[in-house]
Each structure stands twice: as structure tokens, then as C-alpha cells.
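Below, each chain spelled out in residue letters.
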Amino acid sequence: MKTIKLGLLGLGTVGGGTLRILQDNAEVLSQRTNARFEVTRIAVRDLNKPRAVDTGDIALTDDPRSVVDAADVNVVVELMGGTGLARELVLRAIENGKHVVTANKALLAEHGDEVFSAAARRGVQVAYEAAVAGGIPIIKALREGLSANRIDWVAGIINGTGNYILTEMKQPGADFDAVLRQAQALGYAEADPTFDVEGIDAAHKLTILAALAFGMPLRFDRVHTEGISRITADDMRFADMLGYEIKHLGIARRTDAGVSLRVHPTLIPKDVLLASVSGVMNAVMTHGDQVGPTLYYGPGAGAGPTASAVVADLVDVARGMTCGETVPALGFRETTDLPVLEMEQVECACYLRFLAKDAPGVLAQFSSALADEGISIEHMHQEPCEDGSGDALVVLITNVVPEAAMNRAIRRLEALEAIDGSVQRIRIETLN
Ligand code: NAP
Ligand code: HSE
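Rules of the game
- Residues numbered from 1 in each chain as written.
- Chains lettered and ligands numbered in written order.
- Predicted model: local features only at pLDDT ≥ 70, side-chain atom pairs only at ≥ 80, totals over all residues.
- Heavy atoms only, no water.
- Helix = DSSP H or I, 4+ residues; strand = E, 2+ residues; numbered from the N terminus.
- Rg over C-alpha atoms; globule rule 2.2 N^0.38 Å.
- Buried < 20%, exposed > 50% of the residue type's maximum accessible area, 1.4 Å probe, protein only.
- Contact = heavy atoms within 4.5 Å.
- Areas by Shrake-Rupley, 256 points an atom, 1.4 Å probe, with all protein chains shown as cover.
- Lys, Arg positive; Asp, Glu negative; His and termini not counted.
- Charge placed at Lys NZ, Arg CZ, Asp CG, Glu CD.
- Core = buried A, V, L, I, M, F, W, Y, C linked by side-chain atoms within 4.5 Å.
- Domains from an automatic or database assignment.
- Near = heavy atom within 4 Å.
- Polar contact = N/O pair within 3.5 Å; in protein donor to acceptor, adjacent residues only side chain to side chain.
- Nonpolar A, V, L, I, M, F, W, Y, C, P; charged D, E, K, R; others polar.

Novice: Whenever I open this one, the overall build of the protein chain confuses me. Can you help?
Specialist: Counting its secondary structure elements, the protein chain contains 14 helices and 17 strands. Compactness check: the protein chain gives a C-alpha radius of gyration of 24 Å against a globular reference of 22 Å for 432 residues, within 12% of the reference. Within the protein chain, the fraction of its 432 residues that count as buried is 55%. Contacts spanning at least 24 positions in sequence make up 73% of the contacts within the protein chain whose residues lie at least 6 apart. Total accessible area on the protein chain is roughly 18200 Å²; 47% of this is exposed by carbon and sulfur atoms. In the protein chain, 40 side chains carry a positive charge and 57 a negative one; their mean positions are 6 Å apart.

Written as C-alpha cells, this is what we have:
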């Protein structure tokens, strides 16, 4: 039986989980691959840190370059994160003729074209199932299971931390910072949690999903990205009352004019399956021209689920090494440089919330501000503020309109004297 020698870069949440699966499931992994995995080297930052997993006689080092250069490493498993040193190490591993498995979506979204080209030139594999939606095998589903289809769109809850926060924030009195700390303690969050909260991590993942779905280059620079930090308890309450859930979605859609790439908080009707995905769970919905809609659900972060995807990649790499079977990294032999639409070209219905003077004639003012941009009000809710100010909280649901018209309408509303402060806009998606 062939022995495949692994060098791990990182032994944190995902690295530790990976080593544990390799130890616990060694027998089933051998049965699946007809090979034996042996971890020969592990790089960490702090050699004195206590580890939750037994490293036995594996050589630990704080010099990650020594791992990618080592003769007794066939596959480099990059689980450090970041885009600086990680990029250098991954490219160096490829140059050294080693296969790479990584969970690093930031690296691939920002430097994937360079990494995949280098791997193709050198004839090695770069596998990255763990980079998107944790334990859900969405890379394989899009690249292989759906390869008969032209994919029309992909939409999903693709950040576990963000979904955990939105779910917990529905509890009365929940505190955003405390909930974020819980997500960090559970090993869900990125090293810099603003990546989770402000949508950057989801934008990295959407970039990869769009490349897989549409055969386009990785265009992280073109993803419209908004986070969840501006969602208030009032928004949660109004959404619920109006029959919606607020979810942080990544959406990539192909139209005749081009591809739209966006990450933002979204109102989803409660009867759409994605609306009931809660906690750290992720779900990705796709629409293929032949199969129609499909939905993939599972844990989106954390040691076990993410390491499950890392080890599945190791199984694939082992099969490639022993049987010579490989698929192109992004599923396409050639990419097509599809135009990416400006956000102003996207069309959505919207939820608008603002504070207005509770006085006669005010309703007519904001109706006409919207009507001037061709926007109609499908639903309106108003309730007096309890602070004795005489103001009212107003919530409107609009029809589907181009983003450009909505932007102008919001500027008109914010210019009205009867409206106090800014207008909160949350886009609505029915996902069909
Ligand atoms: P983590 O817990 O912070 O672990 C990072 C590991 O890398 C640690 O073991 C750290 O060493 C090591 N490391 C960092 N810089 C190093 C350096 N310069 N030299 C040597 N070792 C270094 O992070 P994680 O949550 O496992 O995430 C790792 C990667 O997986 C990231 O790309 C992340 O985006 C991705 N990912 C994470 C999850 C998740 O649920 N956590 C899910 C999917 C993908 P020390 O232990 O000594 O500090
Ligand atoms: N921080 C990421 C998340 C890890 O919460 O989804 C999984 O990619």
C-alpha cells in the first residue's frame, strides 16, 4: 500500500480537526484510497502552545518553509490562513512538485488564477473543498455533479459566523459583541472577524462559486459587499412581522448582460427553504438549466465539518496520485471573461425603514419621492415611536426596481425634512 506523506501548515481549528480525522478514520481512509496517509511535518507559529490533538512523534516546526521544501512531504495542507505568507508557501510547494490542499478562500479568491495556473503548469493538484461552506461538498457538486448544466445562478448562506450571529440576535436582549465572541470561541470566525461580519469572507467564497458556476476568472474585486453590522433589532422584528427572515446571502447570477456578484443582508420569505437555515449551518442553492433548482445544506464552519472537507480533498489527491484521475481545479478547461455588472444594474425589491414625522401630508411626500423614480409601495407599516418625539418608524416594501432608481429614491427620501436620519435599505430575494 502506498504511503502519502503530508506536511501540515497550521494546527489550529482546522489543522487540529484534520489531524484528528486522519488519526480516527485511518482505516476507512485506507479502504477508500488504497493508500496510507502519514503526517510527517507540521508548522505552527507557537511551538509552546498546548494542542488539543496528539502529535505523537510528528516533527513540529515554526519554520513553514521547511515543510514545503521537505523531501518527506508529498502533499502540503495549507491551514494557516492569510494571503501573504500562505501565497508564497503554496506557490513554493507547487514549484517543488507537491500537491496542495487548502481551506484558504481568501488566498484563492485573491490569487487563485495565479495558483491554479502554476499548479497546471507543474502538473500538481490544488484542492480546496473546505474553502467554501465548510462541510458541504459544494465544490464537487458544482464542478462535477452539475457539469451537464449551464448554471443560471448560485445563492447561499456561506458564512457560518454571520448566520450564527443573525440567528442568536433574534433572542431578546442579545448583544452583538457577546454573540460574536461565542462564535470565535466555537472556532467559527476568521482570525480577523470583520471578514465574517462585513461580508468579506462571504465575498471570497462567492468569487470561487461564481468561477466554478460560470467558468469565469476569479473576480473578488468586482463583488458588491455589505455586512450585517448595520442590521438592527427593529429590522429583525419588522422582517419577522412581514413574513421574512433576514439572511446574509451571497448571490451570483448570470444574465444576457453579464454576471452580478453581490453579498448583502437579504429579506427572504419564510417559506423559502434558505430562510430556515439557522446557527452555523450554511446552505447553497443553485439553478441549472437542465436540473432546475438544487439545494445543499450543512455546517459551514468549525473543526470537524471543515476538516471533513480537507480530508475528502486528501482522498481525491490520493486517488489522483494512485490512479491518475484529476479534474480541472475550477471545472473548466478554458475560462470566459464574462462582464461583471455594476450594482446599479441589478434589480431588486427592497425593504426601506426610516424615521418620519408623524404628521398629515408626510405619507404623500415619501410616496411621491418614490413614484418619481417609478417605484411603487407594495406594503407599508407605520408605528409611533415610544420616546414621545412625535416621530414614527415607517417600513415600506417596494416593487422590483433597478438599483440605480432605488439609490436616487433613497437620496430623495433622505433630503425630505419630514424624514429624520438615513434610510435603511435591505434587498429582498424570493430565489426563483
Ligand atoms: P487558526 O485556528 O487560527 O489556525 C491557524 C494555524 O496556523 C495555527 O496553528 C497557527 O499556529 C498557524 N500559523 C499561523 N501563522 C503561522 C506562521 N506564520 N507560521 C506557522 N504557523 C502559522 O485558523 P483556522 O480557523 O484553523 O483557519 C485556518 C484556515 O482555514 C484559514 O484560511 C481559514 O479561513 C480557513 N477556514 C477556517 C474554517 C473554520 O471554521 N475555522 C472553515 C473553513 C476554512 P499557532 O497554533 O501556533 O498559533
Ligand atoms: N469564518 C468562516 C465562517 C469559516 O464563519 O463561515 C468557514 O469558512
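Novice: Explain the nonpolar core here, please?
Specialist: In globular proteins that are soluble, nonpolar side chains generally tend to be buried together. Of all hydrophobic cores here, the largest spans 56 residues; its most connected members are Ile94, Tyr128, Ile138, Leu142, Ile208, Phe214 and Leu261. Sorting the residues of this core by element identifies α3 (64-69), α4 (85-95), α5 (105-122), α6 (138-145), β7 (151-157), α10 (200-214) and β10 (258-269) as the ones contributing at least two each. With 10 residues, the single largest contributor to this core is α10. Here this core gathers at least three residues from each of two domains, domain 1 (2-135 + 303-323) and domain 2 (139-298). Ranked by size, the runner-up nonpolar core spans 40 residues in total, among them Ile231, Val277, Ala301 and Leu393.

Novice: How do you make sense of the site of ligand 2 when you look at a structure like this?
Specialist: Every residue near ligand 2 is listed here: Lys105, Asn159, Gly160, Thr161, Tyr188, Ala189, Glu190, Asp196, Asp201, Lys205, Gly300 and Ala301. Between Lys105 and ligand 2, the recorded distance is 2.5 Å, taken from a side-chain N or O atom to an oxygen atom. The contact in question runs from a nitrogen atom of ligand 2 to an N or O atom on the side chain of Glu190, over 2.7 Å. Listed by contribution, the elements that provide at least two residues to the shell around ligand 2 are α7 (160-168) and α10. Of the residues in the shell around ligand 2, the class split is 3 nonpolar, 4 polar and 5 charged.

Novice: Looking at this structure, how should I read the site of ligand 1?
Specialist: Close contacts around ligand 1 come from 25 residues, with Asp46, Lys49, Arg51, Glu190 and Gly302 the closest. Here Lys49 contributes a side-chain N or O atom positioned 2.7 Å from an oxygen atom of ligand 1. Considering ligand 1 on its own, with 900 Å² of exposed area, one finds that the protein chains cover 86% of that surface. Its residues assigned to classes, the shell around ligand 1 shows 11 nonpolar, 8 polar and 6 charged.

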